[in-house]
Amino acid sequence: MDEIGAGFVRAVELIVSLDPAVVDITVRSLIIALTSTAIATTIAVPIGGLIHFHNFWGKRAVINVIQTLYSLPTVTVGLLVFLLLSRSGPFGGLGLLFTPAGMVVGQTVLIVPIMTGLTIAALSGVADQVRDSAVSLGASKYQAIFTIMGEARAAMMAAVLLGFGRALSEVGVAMMIGGNIRGYTRVLTTAIALETSRGDIEFSMALGIILVSISLIVNLLVNRVQGRWWA
Amino acid sequence: MIEAMGVRAVRGGGEVLKGVSLKAEKGEALAIIGPTGSGKTTLLRILNLLDPPGGGRVLFDGVDVSAGDRARLLARRRMAMVFQKPSLFNATVEKNVSYGLRVRGVSASAIDGLVGAALREVGLSGWEKRGAFGLSGGEAQRVALARALVTDPELLLLDEATANLDPRTTEAIEALIRRVRDDGMTVVMATHDLGQARELADRVAVLMEGEVVVLGTAEEIFDSPGSEEVGRFVGGRRRQGRSLMIPDRTSHP
Ligand SMILES: Nc1ncnc2c1ncn2[C@@H]1O[C@H](COP(=O)(O)OP(=O)(O)O)[C@@H](O)[C@H]1O
Ligand SMILES: [Mg+2]
């Protein structure tokens with residue numbers, strides 16, 4: 001118990017003193033997760049919109065598949081992307097394995113489904129009357145789509161934040177595609193896994209506190225954009 | 001101006017419009033009265049080209065606009081509709097009122113003045129920056145009316161625009177309808193408020209179970225309803241004042 005208490009104090013010290021290793025890993029985590037989220041947004045929002053605004057055969061099935069992918073274990077995504085990026089894989093020539101760029105690819109693959117699904121849910125949450133009002137007031141089809149997306153902005157923002165949260169906190173892709181190379185691909189989650197197994201509990205705890213804090217902030221923001229602070 | 005020719009509609013497995021034909025001439029105010037469920041909303045939505053007719057045609061200025069995206073859009077931009085339940089966008093009053101102008105590509109410099117004038121018309125001067133979601137039902141309906149009128153439509157469609165509103169707002173909206181009608185705007189209004197139909201409309205169409213059973217001037221219909229069926233709805237009630245509504249079909253023997 002003492003050890004945990006002392007470890008906690010030391011961990012807080014590491015954070016407050018802006019320990020270079022802690023800062024380095026945190027910044028890298030944020031940059032990689034933010035990049036993945038930005039790319040995933042440009043993929044998920046248009047695809048979600050296409051699916052929502054078009055009626056086609058098998059639409060329900062497609063949405064079901066997307067929703068199933070939400071809970072895909074991160075290690076299976078890691079494995080899939082590993083196979084794709086490995087030397088003998090179809091994209092081996094790009095040399096992305098064990099690079100931050102490779103991690104971005106993996107995290108993007110990981111969060112596109114949930115962001116697409118949540119985009120569809122966000123758009124479905126807009127009342128039919130909004131479309132009616134827009135069209136009645138003279139909106140063209142595309143203007144109406146734009147308006148509906150605008151009405152869904154809070155829920156879409158929440159989708160983006162949730163995607164970012166998943167990218168930041170996942171460990172499978174970061175470990176398997178990034179390889180946890182110090183100063184290069186080591187991020188919060190992989191560093192915690194490594195340092196804990198090596199016995200540097202204080203360092204792990206410092207990173208853990210940061211990770212939990214960021215997740216908390218993201219969740220608060222999700223609630224904030226949905227119009228409620230504490231929910 | 002606007003004409004329904006044999007318009008049919010099927011909703012939820014039942015035929016709710018059974019070949020409706022009616023026409024509003026330019027500058028005319030036409031009321032469509034009928035009990036709840038008689039098909040008024042369905043008809044107005046088809047006239048506003050929001051839903052396609054399940055049969056028959058809709059003519060706008062003599063041109064068939066029931067088919068073709070482009071024709072529909074252009075015709076729709078010459079009309080405006082106010083729904084029974086105002087559905088405002090989650091934005092400021094200003095953004096709501098300017099919407100029709102913005103989608104038509106009206107210049108930003110012209111928009112402010114037009115929005116201000118439209119808000120003045122509905123008695124909401126200076127409400128530009130308020131959030132639309134914080135408004136009461138009556139205020140929201142005023143904004144919906146300003147939003148419809150700001151584009152200066154040739155045809156105004158009103159679907160029970162004053163149902164469920166307080167008397168003051170109802171009066172204000174009725175006064176405005178009277179004014180735009182007198183200015184030459186064509187108005188088609190669904191209502192189950194007989195007094196309102198009598199007061200505001202040049203002609204009245206009585207819709208029952210998806211059919212126009214009588215179409216005539218307000219005097220003709222209220223003074224000599226013609227059929228027993230219509231008489232039951234409009235006759236004997238008019239002495240009791242303007243606020244009396246047609247009873248629901250369900251409460252009818
Ligand atoms: N989307 C729908 N699904 C099923 N039934 C509908 C739908 N829309 C309208 N109806 C039915 O059509 C009839 C006419 O409705 P409506 O046009 O709203 O009447 P009104 O506006 O005169 O009250 C009603 O019986 C109503 O229940
Ligand atoms: Mg109705």
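Before reading on, note that the structure itself is shown above.
Because the structure is a prediction, the values reported are computed rather than measured.

A. Looking closely at the site of ligand 1. Residue and element names in this part refer to chain B. The immediate surroundings of ligand 1 are formed by Arg11, Gly12, Val16, Pro35, Thr36, Gly37, Ser38, Gly39, Lys40, Thr41 and Thr42. Contact between ligand 1 and Ser38: an oxygen atom at 3.3 Å from a main-chain N or O atom of the residue. Within the backbone of Gly39, one N or O atom sits 3.0 Å away from an oxygen atom of ligand 1. A total of 560 Å² of accessible area belongs to ligand 1 in isolation, and the protein chains cover 57% of it. Counting residues per element, the shell around ligand 1 draws most heavily on helix α1 (residues 40-47), which supplies three residues. A per-class count over the shell around ligand 1 returns two nonpolar, seven polar and two charged.

B. Summary view of the layout of surface pockets. Estimates place the volume of the largest pocket at around 640 Å³. Contributing to the lining of the largest pocket are 25 residues, with Arg131, Val135, Ser140, Lys141 and Ala144 of chain A lying nearest its centre. Elements represented by at least two residues in the lining of the largest pocket include exactly α2 (20-53), α5 (100-124), α6 (128-136) and α7 (141-151) of chain A together with α2 (69-76) of chain B. Of the residues in the lining of the largest pocket, the class split is 13 nonpolar, four polar and eight charged.

C. Examining the pattern of salt bridges more closely. This structure, assessed with the given rule, holds 23 salt bridges over all chains. For Arg131 of chain A, the salt bridge goes to Asp132 of chain A, with nearest N and O atoms at 3.1 Å. Since its relative accessible area comes to 34%, Arg131 of chain A is described here as partly exposed. Across the salt bridge formed by Lys40 of chain B and Glu160 of chain B, the nearest N and O atoms sit 3.6 Å from each other. Of this pair, Lys40 of chain B sits in helix α1 while Glu160 of chain B sits in the loop between β7 (155-159) and α6 (167-182), and the two are 120 residues apart along the sequence. Summarising the burial analysis for this pair, Lys40 of chain B and Glu160 of chain B share the class buried. A single salt-bridge network, built from bridges that share partners, covers Arg131 and Asp132 of chain A together with Arg11, Arg45 and Asp51 of chain B.

Thresholds applied
- Residues numbered from 1 in each chain as written.
- Chains lettered and ligands numbered in written order.
- Predicted model: local features only at pLDDT ≥ 70, side-chain atom pairs only at ≥ 80, totals over all residues.
- Heavy atoms only, no water.
- Near = heavy atom within 4 Å.
- Polar contact = N/O pair within 3.5 Å; in protein donor to acceptor, adjacent residues only side chain to side chain.
- Areas by Shrake-Rupley, 256 points an atom, 1.4 Å probe, with all protein chains shown as cover.
- Helix = DSSP H or I, 4+ residues; strand = E, 2+ residues; numbered from the N terminus.
- Nonpolar A, V, L, I, M, F, W, Y, C, P; charged D, E, K, R; others polar.
- 1 Å grid on protein atoms, 1.4 Å probe; cavity = no way out; pocket = protein on both sides within 12 Å on 5 of 7 lines; lining within 4 Å.
- Points joined across faces, edges and corners; volume = space filled by probe spheres on them.
- Salt bridge = Lys/Arg side-chain N within 4 Å of Asp/Glu carboxyl O.
- Buried < 20%, exposed > 50% of the residue type's maximum accessible area, 1.4 Å probe, protein only.

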